[in-house]
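Residue-level listing of the chains:
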Amino acid sequence: MKNTIITILEQKKKKDKITMLTAYDYSMAKLMDEAGVNAILVGDSLGMVMLGYEDTLSVTMEDMIHHTAAVERGTANAFVVADMPFMSYQTSVYDAVYNAGRLMKEGHANAVKLEGGASVCPQIKAIVEASIPVVGHLGLTPQSINALGGFIVQGKSEEEAEKLIEAAKAIEEAGAFAIVLECVPAKLAALISESIHIPTIGIGAGAGCDGQVLVYQDMLAMFSGFKPKFVKCFADVGRMMKDAFKQYIEETKASIFPGEEHAYKMDDDVLEKLSRRMKEGEEA
Ligand code: KIV
């Protein structure tokens, strides 16, 4: 069944946990879609896990459109959310609507996600008024990494926690249909989830959220950079891939690969005629 904004909102009411994973290309999206994930996030984490940048700030609209379109081609049922990259919406309400529109028109996303609290509510409101569903993103917002001072858990103090609750309510009021909560204490995330009507999707925010999201390279141990506490390795695919690459190198060097079963055949008489003609050519 195709996941939509309606089915996702219903999941919160039914207490059916929303499952979301990041993907950045056709093949991976197809696998996740076939596995039955509710939603796929084309996160701007692609800057780090796919493009090798140190943070997400260098990701462009062109990067996001290119990868979102590939993911959309690989999905039949999953709801596709595209991240709005750094400076594609902070600059003005006009830029926000224009760039959200590009992610929908050129990337064929089902919704867009943007980071921030009250300061981006005018943008959320305007994008929603343009009939584009919006997911908010609170807590550790990687596009603000320089202002936050690092990848640090957010909302631990009473003042910070109160601000996050207020921000979540403001984002709901502005028209977002879901909020990603990243790196906030589990009890605070549960409290936020109870105090708003739209679903929360947690990453490093505990089991009290209405859904979970993970970066696939993290959950498959395919990324050898920093491993946050909240990441669970569901399969050591990174290691399996490395072993397979090593085996390919060994078998190729030892002429074990390709075997006969991997080669195309031709008729012996064609080959005989060919080698006779080549010999005659050499003798002439
Ligand atoms: O870019 C991303 O992958 C994200 C998730 C961490 C939620 O925003």
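Reading the values: rules and limits
Counting restarts for each chain, with residues numbered from 1 along the sequence as it is written. Where local features are concerned, this predicted model is filtered to residues with pLDDT of at least 70; where side-chain atom pairs are given and counted, the filter is 80 or more; whole-chain, interface and lining totals use all residues. As a rule here, side-chain values cover all heavy atoms of the structure and leave hydrogens and water aside. Secondary structure counts use DSSP, requiring at least four H or I residues in a row for a helix and at least two E residues in a row for a strand, with both numbered from the N terminus. A radius of gyration in this sense is built from C-alpha atoms; the matching globule rule multiplies 2.2 Å by the number of residues raised to 0.38. Only protein chains enter the accessibility calculation, which uses a 1.4 Å probe; a residue whose area is less than 20% of its type maximum is buried, one above 50% is exposed, and one in between is partly exposed. Here a residue counts as near a molecule or strand whenever at least one of its heavy atoms sits within 4 Å of it. Counting of polar contacts relies on pairs of N or O atoms within 3.5 Å, with two restrictions inside protein: one atom must be capable of donating a hydrogen and the other of accepting it, and residues adjacent in sequence are counted only when both atoms are side-chain atoms. Computed by Shrake-Rupley with a 1.4 Å probe, the accessible areas treat only the displayed protein chains as cover when residues are assessed. Lining residues are defined by having an atom within 4 Å of a point belonging to a cavity or pocket. Those points lie on a 1 Å grid over the protein atoms alone, cavities being sets where a 1.4 Å probe fits but cannot get out and pockets being open sets with protein on both sides within 12 Å along at least five of seven lines. Think of it this way: if more than half of a molecule's atoms are within 2 Å of a pocket's grid points, that molecule is in the pocket or cavity. Residues are grouped as follows: nonpolar covers Ala, Val, Leu, Ile, Met, Phe, Trp, Tyr, Cys and Pro; charged covers Asp, Glu, Lys and Arg; every other residue, Gly included, is treated as polar. Grid points are joined across faces, edges and corners, and a volume is the space filled by probe spheres set on the points. Salt bridge, as used here, is a side-chain nitrogen of Lys or Arg placed within 4 Å of a carboxyl oxygen of Asp or Glu. An automatic or database domain assignment provides the domain bounds reported here. Note on geometry: axes are C-alpha line fits, over the in-contact stretch for helices, and angles between N-to-C directions span 0 to 180 degrees. For classification purposes, an angle smaller than 35 degrees is called roughly parallel, one larger than 145 roughly antiparallel, one from 65 to 115 roughly perpendicular, and anything else oblique. Two helices that cross are described as forming a left-handed crossing if the nearer one is turned anticlockwise from the farther one by less than a right angle, and a right-handed crossing if clockwise. In this analysis, two residues are considered to be in contact whenever any of their non-hydrogen atoms come within 4.5 Å of each other.

**So, the overall build of the protein**
Along its length, the protein carries 12 helices and 8 strands. Here the C-alpha atoms of the protein give a radius of gyration of 24 Å, more than 25% beyond the 19 Å that 2.2 N^0.38 yields for 284 residues. Referenced to the eigenvectors of the C-alpha coordinate spread, the extents of the protein come out at roughly 90 × 40 × 35 Å. The 284 residues of the protein split such that 47% are buried.

**A word on the site of the ligand**
In the vicinity of the ligand, the contacting residues are Thr22, Leu41, Gly43, Asp44, Ser45, Asp83, Lys113, His137, Val180, Glu182, Ile203 and Val215. Asp44 is positioned such that a nitrogen or oxygen atom in its side chain is 3.1 Å from an oxygen atom of the ligand. Interatomic distance of 2.5 Å between a side-chain N/O atom of Ser45 and an oxygen atom of the ligand. Protein chains shield 95% of the accessible area of the ligand, which is 260 Å² for the free molecule. Here the ligand occupies the largest pocket. Looking at the shell around the ligand residue by residue, the class counts come to 4 nonpolar, 4 polar and 4 charged.

**Details of empty space enclosed by the protein**
Per the stated rule, a full pass over the model turns up 1 cavity of 30 Å³ or more. If you add up the space inside the largest cavity, you get close to 40 Å³. Lining the largest cavity are Ile8, Ile18, Met20, Ala39, Phe79, Val81, Val135, Phe177, Ala178 and Ile201.

**What to know about the pattern of salt bridges**
Close approach of charged atoms allows side chains with opposite charge to pair. Going through the model one piece at a time under the given rule, you end up with 6 salt bridges. One salt bridge in this structure joins Glu34 and Lys30, with 2.9 Å as the shortest N-O distance. One end of the pair, Glu34, and the other, Lys30, are both in helix H2 (residues 26–35), 4 residues apart, so they sit about a helical turn from each other. Classification of Glu34 by relative accessible area gives exposed; the value is 56%. A salt bridge links Glu106 to Arg102, with the shortest nitrogen-to-oxygen separation between them at 2.8 Å. In this structure Arg102 comes out as buried when scored by relative accessible area, which is 17%. Connected through salt bridges with shared partners, the residues Glu62, Arg102 and Glu106 form a single ionic network.

**A word on the domain arrangement of the protein**
Once the domains are mapped, the protein shows domain 1 (5–219) and domain 2 (241–283). For domain 1 and domain 2, the distance between their C-alpha centres works out to 50 Å.

**Regarding the packing of helix H5 (residues 93–105) against helix H6 (residues 121–129)**
Closest axis-to-axis distance for the H5/H6 pair is 9 Å, and the angle between their directions is 45 degrees. By the angle class used here, H5 and H6 are oblique. In this structure, H5 crosses over H6, and the sense of that crossing is right-handed. Between H5 and H6, the contacting residues are Val93, Ala96, Val97 and Ala100 on the first element and Pro122, Gln123, Ala126 and Ile127 on the second. Among the residues forming the contact of H5 with H6, the class breakdown is 7 nonpolar, 1 polar and no charged.

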